[in-house]
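As a plain string of letters, each chain reads:
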Amino acid sequence: MVLAEVSRRQDRAERTRAELAEQTRVGEALVRGLVRAQLALALRLSLVVAIGLGGLPWLFAVAPAVGRVTVLGVNLPWLLLGVASFPFLIAVGWAYVRLAERNEQDFTDLVQRPER
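Note that the structure is a prediction, hence the values are computed from the model and not measured. (Residues numbered from 1 in each chain as written. Predicted model: local features only at pLDDT ≥ 70, side-chain atom pairs only at ≥ 80, totals over all residues. Heavy atoms only, no water.)

With respect to the overall build of the chain
Point 1. A tally of helices and strands in the chain yields four helices and two strands.
Point 2. Going from the N terminus to the C terminus, the chain shows its helices and strands as α-α-α-β-β-α.
Point 3. Residues counted as buried form 16% of the 116 residues belonging to the chain.
Point 4. Restricting to contacts in the chain with at least 6 residues of sequence separation, those with at least 24 account for 70%.
Point 5. Accessible area of the chain: about 8,600 Å², with a carbon and sulfur share of 64%. (Helix = DSSP H or I, 4+ residues; strand = E, 2+ residues; numbered from the N terminus. Buried < 20%, exposed > 50% of the residue type's maximum accessible area, 1.4 Å probe, protein only. Contact = heavy atoms within 4.5 Å. Areas by Shrake-Rupley, 256 points an atom, 1.4 Å probe, with all protein chains shown as cover.)

As structure tokens, this is what we get:
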């Protein structure tokens, strides 16, 4: 009885992989879910970048005194937009790659896990 259950689980996992390979409706739904998750992640992190970098000019327009602050002889807007923006973008890019790989791993685990 146990061997029959193991065989049945492997058959279901193979069927799921075949549905992906053959682009059946179930396979398309699984891939569509992955694409939707990746798109949602990209949009969320794009919003973080837009607010983080796009908010700086707005801040300097609303509070001109902040724009006149100098640090080590350099105006704060130049430091934030010209220097600090690059580590910020690298951090967002790193987070995107890490989270996108997690989405892909979750998808792979979903496809390869035996059904009960």
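Further notes follow.
Thoughts on the side chain of Ser85
Point 1. Examined against the element boundaries, Ser85 turns out to sit in helix H4 (residues 76-112).
Point 2. Using a relative accessible area of 6% as the deciding quantity, one classes Ser85 as buried.

Description of the environment of Leu41
Point 1. Within the secondary structure, Leu41 is located in helix H2 (residues 25-62).
Point 2. Spatially, the C-alpha atoms of Leu41 and Asn103 are 9.2 Å apart, while their sequence positions differ by 62 residues.

A look at unusual backbone geometry
Point 1. In this structure, Leu72 takes a positive phi of about 55° despite not being glycine.
Point 2. As for its position among the elements, Leu72 is in the loop between strand E1 (70-71) and strand E2 (74-75).
Point 3. The exposure class of Leu72 is exposed, given its relative accessible area of 86%.

Let's talk about a nonpolar patch on the surface
Point 1. A surface patch of nonpolar side chains, amounting to about 330 Å² of accessible area, comprises Trp58, Leu59 and Val62.
Point 2. Structurally, Leu59 is set in helix H2. (Patch = residues over 30% accessible without salt bridge, like charges linked within 9 Å, V, L, I, M, F, W, Y side chains within 5 Å. Salt bridge = Lys/Arg side-chain N within 4 Å of Asp/Glu carboxyl O.)

Observations concerning the side chain of Gln38
Point 1. Looking at the element boundaries, Gln38 is found in helix H2.
Point 2. Taking relative accessible area as the criterion, Gln38 reaches 14% and is therefore assigned buried.
Point 3. Only 3.4 Å separates the side chain of Gln38 from the side chain of Glu104, close enough to count as a polar contact.
Point 4. When sequence neighbours within four positions are dropped, the list of residues in contact with Gln38 reads Tyr96, Ala100, Asn103 and Glu104. (Polar contact = N/O pair within 3.5 Å; in protein donor to acceptor, adjacent residues only side chain to side chain.)

What about H2?
Point 1. Over its 38 residues, H2 runs 52 Å from end to end, which matches the ideal 56 Å to within 8%, given 1.5 Å per residue.
Point 2. The principal kink in H2, of about 35°, is found at Gly55, preceding the proline Pro57 by one to four residues.
Point 3. Three or more residues of H2 are buried, namely Gly27, Leu34, Gln38, Leu41, Leu45, Leu56 and Phe60. (Expected span 1.5 Å × (residues − 1). Bend = angle between axes of the 7 residues up to and from the residue.)

Brief notes about the environment of Val97
Point 1. In this structure, Val97 sits in helix H4.
Point 2. With a relative accessible area of 44%, Val97 lands in the partly exposed category.
Point 3. A sequence separation of 55 residues divides Val97 from Ala42, and the C-alpha atoms of the two residues are 10.0 Å apart.

Read these as layout, nothing more, since geometry by itself doesn't imply function.
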